[in-house]
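# Examination of the molecular architecture
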Amino acid sequence: MKNELIARYQQVQQRIEKACESAQRQGQVQLLAVSKTKPLEDILTLARETEQRAFGENYLQEGLEKIDAAKNQFDGELEWHFIGPIQSNKTRPIAEHFDWVHSVDRLKIARRFSEQRPNDLPPLQILLEVNVSGEATKAGITPEALMDVAAEVVSLPNLTLRGLMAIPARADSLEAQRQPFIQMQQLLKQLQQTYPDLPLDTLSMGMSADLEAAIMEGATIVRIGTDIFGARDYSNKA
Ligand SMILES: *Cc1c(COP(=O)(O)O)cnc(C)c1O
């Protein structure tokens, strides 16, 4: 099991390297290992046997338990990214325990993070989630509203706005997968031009099924779960 995990992880790293080479973007893409529903042991194995340090979690309670259990290992070098839907009454523990949040989808949430981030920690690194496929049921800020939300967020203390995140609708061809990612790249450029002095260097996009298309169009973080840890079992999740 352990060797299988390492082998899958290395295959994902090779896919990323190959996609970076094709796009002439070597060294520009970080792998976020999405460990939701997977045991702490898998995280520790990856951290022990590879250089992987950044892990993504979607479910607050599960994420907090893993952070706590791992906190005295690896010299506190593990980096925790919250990537799931956020309820506004659950922002405090996220602000207190995570390093990054990818799924900031409304101003109210950003304001709460700003108020609740402990002063003795570095600013919370945040990304604004964009509903780039325009699906009514999906979370995320519409592309039309993005610049207005960003204008408020950049003025909040204890947060650093680093860029944008998207979870586009599934598409099967490479060509179809590229379209929302192209739009995301344009939105990030617009933000960068508006705020040239801010470190807006991050585009979190690309999952197991579409990481190649995302890297082609400028992803700087790809979020990979299934192809590293195997299929997920949600039977114990509500
Ligand atoms: C689960 C999840 C992923 C990982 O998806 P895979 O298809 O398993 O690689 C990435 N991003 C978000 C926001 C997720 O919820």
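Treat the numbers as computed from the prediction; the structure is a model and nothing was measured. (Residues numbered from 1 in each chain as written. Predicted model: local features only at pLDDT ≥ 70, side-chain atom pairs only at ≥ 80, totals over all residues. Heavy atoms only, no water.)

Around the ligand, the neighbouring residues are V34, K36, N58, I83, I167, M207, S208, R223, I224, G225, T226 and R232. Here an oxygen atom of the ligand sits 2.8 Å away from a polar atom, N or O, in the side chain of R232. For the ligand, the accessible surface in isolation is 390 Å², of which the surrounding protein chains cover 90%. Structurally, the ligand is housed in the largest pocket. Class assignment of the residues belonging to the shell around the ligand gives a composition of five nonpolar, four polar and three charged. (Near = heavy atom within 4 Å. Polar contact = N/O pair within 3.5 Å; in protein donor to acceptor, adjacent residues only side chain to side chain. Areas by Shrake-Rupley, 256 points an atom, 1.4 Å probe, with all protein chains shown as cover. 1 Å grid on protein atoms, 1.4 Å probe; cavity = no way out; pocket = protein on both sides within 12 Å on 5 of 7 lines; lining within 4 Å. Sits in = over half its atoms within 2 Å of the grid points. Nonpolar A, V, L, I, M, F, W, Y, C, P; charged D, E, K, R; others polar.)

Here we take up the pattern of salt bridges. For the coordinates displayed, the defined rule picks out 13 salt bridges. When the shortest N-O distance is used, the salt bridge between D227 and R15 registers 2.7 Å. Here D227, found in helix α9 (residues 226-229), pairs with R15, found in helix α1 (residues 2-22); they are 212 residues apart in sequence, far enough to count as distant. (Salt bridge = Lys/Arg side-chain N within 4 Å of Asp/Glu carboxyl O. Helix = DSSP H or I, 4+ residues; strand = E, 2+ residues; numbered from the N terminus.)

Another aspect to go through is the packing of helix α6 (residues 143-153) against helix α7 (residues 174-194). For the pair α6 and α7, the least separation of the axes is 11 Å and the interaxial angle reads 25 degrees. Relative to α7, the element α6 lies roughly parallel. Remark: the crossing between α6 and α7 carries right-handed chirality. From α6, P143, L146, M147 and A150 reach across to α7, where they touch Q183, L187, Q190, L191 and T194. Across the contact of α6 with α7, the residue classes break down as six nonpolar, three polar and no charged. (Axes fitted to C-alpha atoms, helices over the stretch in contact; angles between N-to-C directions. Parallel < 35°, antiparallel > 145°, perpendicular 65-115°, else oblique. Left-handed = near helix turned anticlockwise from the far one by under 90°. Contact = heavy atoms within 4.5 Å.)

Right, let's get into the packing of helix α5 (residues 107-116) against α6. In the contact formed by α5 and α6, the axes pass within 10 Å of each other and the chain directions differ by 15 degrees. Taken together, the axes of α5 and α6 are roughly parallel relative to one another. Once α5 is placed against α6, the crossing between them reads as right-handed. Here α5 contributes L107, A110 and R111 to the contact with α6, which in turn contributes V149, E152 and V153. Of the residues that constitute the contact of α5 with α6, the class distribution is four nonpolar, no polar and two charged.

Inspection of every chain in the model, using the stated rule, returns two aromatic pairs. Judged by centre distance (5.9 Å) and plane angle (40 degrees), the ring pair of F55 and W80 falls under tilted. With F55 in strand β2 (residues 54-57) and W80 in strand β3 (residues 79-82), this residue pair connects regions lying 25 residues apart in the sequence. Classification of F55 as buried rests on a relative accessible area of 0%. Judged by centre distance (5.3 Å) and plane angle (80 degrees), the rings of F82 and F98 are edge-to-face. (Phe/Tyr/Trp six-rings, centres within 6.5 Å; stacked < 30°, edge-to-face > 60°. Buried < 20%, exposed > 50% of the residue type's maximum accessible area, 1.4 Å probe, protein only.)

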